[in-house]
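Examination of the molecular architecture
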Amino acid sequence: VDEKDIWEPAWVDAPQAHATGDIAAVGMYGPTRYRETGRKRLIEAGMQQLGRAVSVRVRSAVQSLALDRAELFSGSDASSLFVKTMAEQTSDVELTGVVVERTWQHPVTGMNYALVSIGGRNVQAAVRLVGRRVARENRDVFVPRRVDDAMRELDRVIERGLTDTR
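The structure contained in this document is the topic of the report that follows. (Residues numbered from 1 in each chain as written. Predicted model: local features only at pLDDT ≥ 70, side-chain atom pairs only at ≥ 80, totals over all residues. Heavy atoms only, no water.)

1. Here we look at the pairing of strand 2 (residues 99-105)
- With six bridges connecting them, strand 2 and strand 3 (residues 112-118) associate as antiparallel partners. Following the sheet pairing, W104 is matched in strand 3 by Y113.
- Where strand 2 hands over to strand 3, the hairpin turn is made up of six residues, of which G110 adopts a positive phi near 80°. (Pairing = 2+ DSSP bridges. Helix = DSSP H or I, 4+ residues; strand = E, 2+ residues; numbered from the N terminus.)

Below is the structure:
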């Protein structure tokens, strides 16, 4: 059997369309002789991909805040710095409540795949804490009298960015 003759599950290429969680990703890990080690590495790879997906969502949400509510920032350089810092900081956020929905092993190549997902509400609290910390540490990016408004807007865009998926 040639590897091109094998049909992979649809979720390998379109994880979001086949997941129950708000944010989904596919982890991949090469063939291994040791089943448990392979499964552990596969789930780790899925978690890394999920972390990247969360970071992309946060970056997008914060960029929309910077564009839509430019009056909250002390300048375009300040808003760019804030977007960059938020994206960097949220890429390392610890995700809890991750679900491994499906796994599949390619019968010819031995490559392993895992569909992992997380509910948007599960990740919101952690991302919100990071956002508030970054905002506090970089207060000078906001117009001084608008810091509280900026914090409320940040909470709003993070919530929307992590739960509006379909």
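And the narrative resumes.
2. So, the packing of helix 4 (residues 120-137) against helix 5 (residues 147-163)
- Where helix 4 meets helix 5, the closest approach of the two axes is 9 Å, and the angle between their N-to-C directions is 150°. Taken together, the axes of helix 4 and helix 5 lie roughly antiparallel to each other. Here helix 4 runs over helix 5; the crossing is right-handed. Two secondary-structure elements touch here, helix 4 through G120, R121, V123, Q124, V127, R128, G131, R132 and A135 and helix 5 through M151, L154, D155, I158, E159, L162 and T163.
- Along the lines of polarity and charge, the residues of the contact of helix 4 with helix 5 split into seven nonpolar, four polar and five charged. (Axes fitted to C-alpha atoms, helices over the stretch in contact; angles between N-to-C directions. Parallel < 35°, antiparallel > 145°, perpendicular 65-115°, else oblique. Left-handed = near helix turned anticlockwise from the far one by under 90°. Contact = heavy atoms within 4.5 Å. Nonpolar A, V, L, I, M, F, W, Y, C, P; charged D, E, K, R; others polar.)

3. Topic: the sheet that holds strand 1 (residues 23-29)
- Taken in spatial order, the three strands line up as 1-3-2 in an open sheet, and their pairing is antiparallel. Edge positions in the open sheet fall to strand 1 and strand 2, since each of these has one partner strand only. Neighbouring strand axes in the sheet, compared pairwise and without regard to direction, differ in orientation by 20° on average.
- Contacting strand 1, strand 2 and strand 3, helix 2 (residues 35-68) runs over the sheet at an angle of about 140° to strand 1.

4. Re helix 5
- Helix length check: helix 5 (17 residues) gives 24 Å between terminal C-alpha atoms against 24 Å at 1.5 Å per residue, within 8%.
- Within helix 5, burial applies to V147, A150, M151, E153, L154, D155, V157, I158, G161, L162 and T163.
- Looking at the buried residues of helix 5, the elements they touch are strand 1, helix 2, helix 3 (76-90) and helix 4. (Expected span 1.5 Å × (residues − 1). Buried < 20%, exposed > 50% of the residue type's maximum accessible area, 1.4 Å probe, protein only.)

5. Looking at the environment of Q16
- In this fold, Q16 is placed in helix 1 (residues 15-18).
- In sequence terms Q16 and V26 are ten residues apart; their C-alpha atoms lie 9.4 Å from each other.
- Reaching out from Q16, the side chain makes a polar contact with the backbone oxygen of G21 at a distance of 3.5 Å. (Polar contact = N/O pair within 3.5 Å; in protein donor to acceptor, adjacent residues only side chain to side chain.)

Geometric descriptors of this kind do not, in isolation, establish any biological role.
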